[in-house]
Structure formats: C-alpha cells, structure tokens
Amino acid sequence: MNGKDQFPLVLVGGVLEGNKRWNISGEVVNCISKSFPGVHPIRPEVEPAIGAALLAWSRHGKGLKLENGS
C-alpha cells in the first residue's frame, strides 16, 4: 500500500459525530487524506453494536429464526 490505494476509513463514535459548529470527522478525513489520498470515509447507517450482532448471528445462528419469521 503506497497511500494512494483506495481503502475504507470507518467513522464511528460520538466524538466523530461532531456538532453544527465543528465537523470533526471532516477534519480527521482531511488530515488523513494529506498522507493517504486513497482514503474512502464510511459513515455507517446503524450503530456498531448492530453490526456486531448481525455478524455473530451470521456465524453462529444459522438455524435461528427472528420473531417476525425472517
């Protein structure tokens, strides 16, 4: 990897959400992209715990059914 190759940077956590006056996640991405222009920021649509639960379910709960029948 030479820094120009595209790679994901997953932005999670309350600190990186920032607020209306300060876009801290934008500043983090700008700073990283100076050295690694291939950075591709990703802002998940769900909380990390949801992703962890889905991963665990997919690996260990192959025979499980959700209450709604899915």
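Located above this text is the structure these notes cover.
Quick caveat, the model's predicted, so the values are computed rather than measured.

Caption draft 1: Representation of the side chain of serine 25 within the structure. Mapping serine 25 onto the fold places it in helix α2 (residues 24-35). Residue serine 25 is classed as buried on the basis of its relative accessible area of 6%. At 3.4 Å, the side chain of serine 25 forms a polar contact with the side chain of arginine 43. Beyond its immediate chain neighbours, meaning those up to four positions away, serine 25 contacts Leu11, Leu16 and Arg43.

Caption draft 2: Summary view of α2. The end-to-end C-alpha separation of α2 is 18 Å, in line with the 16 Å expected for 12 residues at 1.5 Å each. By the burial criterion, the buried members of α2 are Ile24, Ser25, Gly26 and Val29. The secondary structure elements touched by the buried residues of α2 are β1 (7-10), α1 (14-17) and β2 (39-42).

Caption draft 3: Representation of the environment of asparagine 2 in the model. Relative to the helices and strands, asparagine 2 resides in the segment before β1. A residue is classified by how much of its surface remains accessible, and asparagine 2, at 56% relative accessible area, is exposed. For the pair asparagine 2 and serine 35, spaced 33 residues apart in sequence, the C-alpha separation works out to 9.7 Å.

Caption draft 4: Focus on the nonpolar core. Core analysis: the largest hydrophobic core is formed by 5 residues, namely Phe7, Leu9, Leu11, Val29 and Val39. Discounting chain neighbours no more than four positions away, the residues touching leucine 11 are Leu16, Ser25, Val29, Pro41, Ile42, Arg43 and Pro44.

Caption draft 5: Region of interest: the packing of aromatic side chains. Inspection of every chain in the model, using the stated rule, returns 1 aromatic pair. Between phenylalanine 7 and phenylalanine 36, the aromatic rings sit 6.2 Å apart at their centres with planes inclined by 90°, giving edge-to-face as the arrangement. With phenylalanine 7 in strand β1 and phenylalanine 36 in the loop between α2 and β2, the pair connects residues that are 29 residues apart, well separated along the chain. Owing to a relative accessible area of 38%, phenylalanine 36 belongs among the partly exposed residues under this scheme.

Quick notes on the rules
Residues numbered from 1 in each chain as written. Predicted model: local features only at pLDDT ≥ 70, side-chain atom pairs only at ≥ 80, totals over all residues. Heavy atoms only, no water. Helix = DSSP H or I, 4+ residues; strand = E, 2+ residues; numbered from the N terminus. Buried < 20%, exposed > 50% of the residue type's maximum accessible area, 1.4 Å probe, protein only. Polar contact = N/O pair within 3.5 Å; in protein donor to acceptor, adjacent residues only side chain to side chain. Contact = heavy atoms within 4.5 Å. Expected span 1.5 Å × (residues − 1). Core = buried A, V, L, I, M, F, W, Y, C linked by side-chain atoms within 4.5 Å. Phe/Tyr/Trp six-rings, centres within 6.5 Å; stacked < 30°, edge-to-face > 60°.

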